[in-house]
Amino acid sequence: MTPLPGPSGTAPVVGIVGRRGAYGRWLQHFLETRMGLRVIGRDPAGDEALSIEELVTRADVLVFSAPIRLTPALIAEYARAARGREAGCLWMDLTSIKQGPVEALLASRAEVVGLHPMAAPPLIPTLQGRVMAVCPARLDRWRTWLDGFLAATRAECIEVTPGHHDRAMALVQGLTHASHMAQAAVLRRQAPALGGLEALRPLRTVGHALDRIVSARMLAGNPGIYADIQFDNPHVLPAVELMAEAVGFLRDQLRRGDAEARQALRTRLLEESASFFGAPALAAGSHDFDRLGYLLADLESPDFLSVFLPEDAPGSLCRLLHVFEEHAVNIESIHSSRSPEGELHFRIGLDRRSLDDLPADTLARVAKALETRGIGRVTAGHRGD
Ligand SMILES: NC(=O)c1ccc[n+]([C@@H]2O[C@H](COP(=O)([O-])OP(=O)(O)OC[C@H]3O[C@@H](n4cnc5c(N)ncnc54)[C@H](O)[C@@H]3O)[C@@H](O)[C@H]2O)c1
Ligand SMILES: O=C(O)C(=O)C[C@]1(C(=O)O)C=C[C@@H](O)C=C1
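Residues numbered from 1 in each chain as written. Chains lettered and ligands numbered in written order. Predicted model: local features only at pLDDT ≥ 70, side-chain atom pairs only at ≥ 80, totals over all residues. Heavy atoms only, no water.

S.K.: Account for the nonpolar core, naming residues and giving values.
M.R.: The tendency in soluble globular proteins is for nonpolar side chains to be buried side by side. Grouped together as the largest cluster of nonpolar side chains are 27 residues, with contacts concentrated most on Leu 27, Leu 31, Met 92, Leu 115, Trp 145 and Phe 149. At the level of secondary structure, the elements contributing two or more residues to this core comprise β1 (13-17), α1 (22-35), β3 (61-64), β4 (90-93), β5 (111-117), β6 (131-138) and α5 (143-153). Sort the elements by how many residues they give to this core and α1 lands first, with six residues. Contact partners of Trp 145, with chain neighbours within four places excluded, come to Leu 4, Pro 5, Gly 6, Pro 12, Met 35, Leu 37, Val 61, Leu 90 and Met 92. (Core = buried A, V, L, I, M, F, W, Y, C linked by side-chain atoms within 4.5 Å. Buried < 20%, exposed > 50% of the residue type's maximum accessible area, 1.4 Å probe, protein only. Helix = DSSP H or I, 4+ residues; strand = E, 2+ residues; numbered from the N terminus. Contact = heavy atoms within 4.5 Å.)

Listed below in structure tokens is the structure:
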């Protein structure tokens, strides 16, 4: 692989501040394996071989990937240590909040871009299928290299100013996180009396299942990030205040309990918001809800085989399906998905009734045929009898 040259014509050395963290590790792997670049870094979590001075001197590109609450002061500390030697370099950050970090970066003499990959570091080596907010702040000679870097990430890049980003993230992240933290807190208080979370599962709706997924993802994540987004994005507090006002209004109507209260709830919390969303958005959201509901049902169906296809080539899926046909196994659904390790596979949902009419070892024979003919490797499978 030919590394992408920087403005001097040679491949830049990239320094990562916070390279032992979740994104720092992901980015180092990306830069080394997908861009062929040399990566150095520093992190108080056991990676202090280079001093701050050495790091800013040696890195042509410096990326800040540190806790949100510390980042503006950390950037200022690096800028002080660089004492102007950063002129001609590119400095950037991955922080979930953009105004403070980008202002701090601009106080240096480096070229500056603020980035926000809007998803946790993925299992796969690129950001394909994810959005990256890009705040170009002071770019000149590094623009071409930056374009190449962003293209290599395969993220859907959206240019935005830091101020607009933070106001939007107060709604996209702050509000979403706040409502799911609140939901999880209520579930914690009330679900045990009903036998716990798992006891609710058989009675799930699609809406509850989707919300549970979001809450679980957040609660499984880094609590520091979720707390910092609430506290350090100044636009979150007004959004949370409006949410509390809306929930308070709902509570007041429930306490009143009369016909007028019911009408007030319908008007203010349903009809007025529905007309704000508009008919096309309501129809599209409703359709997506249905599709996600069926997707979740498919992914939970008990009869399935998950098959890893080593050959990412036209016709591989066709050859795979032919084996099921040969064994008279009826397929109910096919989803391409990723294992927890990031490996691409197909989850083949099977029709229970067709399995019932077949010999008990049919799935084992399908799996064997797939493997001996070199079509695919069965990574998981289940026949829910
Ligand atoms: N994880 C996510 O979901 C996610 C998504 C998008 C953006 N981000 C952003 O990426 C950045 C890093 O997040 P993360 O998930 O890797 O967090 P993390 O807590 O896993 O990593 C942060 C790293 O910074 C290090 N650090 C702390 N103080 C430091 C200092 N003084 N100098 C150098 N390093 C220091 C920590 O030791 C840690 O290894 C954050 O700004 C976050 O907003 C994270
Ligand atoms: O877990 C995920 O993939 C996320 O989307 C994490 C999430 C989020 O929940 O908003 C959290 C912080 C980052 O700034 C970006 C995204």
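S.K.: Tell me about the packing of helix α8 (residues 206-220) against helix α12 (residues 279-300), and name the residues and values.
M.R.: Two elements in contact, α8 and α12, have axes whose closest approach is 10 Å; the angle formed by their N-to-C orientations is 75°. Put simply, α8 runs roughly perpendicular to α12. Across the interface between the two elements, Val 206, Gly 207, Ala 209, Leu 210 and Ile 213 from α8 touch Phe 289, Leu 292, Gly 293 and Leu 296 from α12. Considering only residue class, the contact of α8 with α12 consists of seven nonpolar, two polar and no charged. (Axes fitted to C-alpha atoms, helices over the stretch in contact; angles between N-to-C directions. Parallel < 35°, antiparallel > 145°, perpendicular 65-115°, else oblique. Nonpolar A, V, L, I, M, F, W, Y, C, P; charged D, E, K, R; others polar.)

S.K.: Just give me the short version of the environment of Pro 162, but keep the residues and values in it.
M.R.: Relative to the helices and strands, Pro 162 is located in helix α6 (residues 162-190). Classification of Pro 162 as buried rests on a relative accessible area of 19%. Taking the C-alpha atoms as reference points, Pro 162 and Ala 193, 31 residues apart in sequence, are found 45 Å from one another. Residues within four places of Pro 162 in sequence aside, it is in contact with Lys 98, Gln 99, Val 102 and Cys 135.

S.K.: How would you explain the site of ligand 1 if you had to name every residue and give the values?
M.R.: As a matter of local geometry, ligand 1 sits amid 26 residues, with Tyr 23, Asp 43, Ala 66, Ser 96 and Pro 117 nearest to it. One of the side-chain nitrogen or oxygen atoms of Asn 222 is found 3.2 Å away from an oxygen atom of ligand 1. Relative to its free-state accessible area of 820 Å², ligand 1 is covered by the protein chains to the extent of 82%. Of all the elements in the fold, those that place two or more residues in the shell around ligand 1 are α1 and β5. Among the residues making up the shell around ligand 1, the classes are represented as 16 nonpolar, seven polar and three charged. (Near = heavy atom within 4 Å. Polar contact = N/O pair within 3.5 Å; in protein donor to acceptor, adjacent residues only side chain to side chain. Areas by Shrake-Rupley, 256 points an atom, 1.4 Å probe, with all protein chains shown as cover.)

S.K.: Got a sec to walk through the site of ligand 2? Specific residues and values, please.
M.R.: Taken together, Ser 96, His 116, Met 118, Ala 119, Ala 120, Gln 173, His 177, Arg 217, Ile 225, Tyr 226 and Ile 229 form the complete shell of residues around ligand 2. A distance of 2.6 Å is found between an oxygen atom of ligand 2 and a side-chain nitrogen or oxygen belonging to Arg 217. Between Tyr 226 and ligand 2, the recorded distance is 3.4 Å, taken from a side-chain N or O atom to an oxygen atom. Relative to its free-state accessible area of 380 Å², ligand 2 is covered by the protein chains to the extent of 79%. Looking at the shell around ligand 2, the elements that each hand over two or more residues are α6 and α9 (223-232).

S.K.: Hey, could you go over the packing of aromatic side chains for me, with residue numbers and the actual values?
M.R.: Think of a pair of aromatic rings as described by two things: how far the centres are apart, and how the planes are tilted against each other in angle. Counted under the stated rule, the structure contains eight aromatic pairs. Considering the side-chain rings of Phe 64 and Tyr 78, the 5.3 Å spacing of their centres and the 85° angle between planes classify their relative orientation as edge-to-face. Here the residue Phe 64 occupies a position in strand β3, and Tyr 78 occupies one in helix α3 (residues 71-82), the gap between them amounting to 14 residues. A centroid spacing of 5.7 Å and a plane angle of 90° characterise the contact between Trp 142 and Trp 145, whose relative ring orientation is edge-to-face. When its relative accessible area of 3% is taken as the criterion, Trp 142 is described as buried. Taking the relative accessible area as the measure of exposure, Trp 145 reaches 2% and is therefore buried. Among the aromatic side chains, those forming a connected cluster through ring pairs are Tyr 23, Trp 26, Phe 30, Trp 142, Trp 145 and Phe 149. Sitting over the face of the ring of Phe 304, Arg 347 holds its NZ or CZ atom 4.0 Å from the ring centroid. (Phe/Tyr/Trp six-rings, centres within 6.5 Å; stacked < 30°, edge-to-face > 60°. Lys NZ or Arg CZ within 6 Å of the ring centre and 35° of its normal.)

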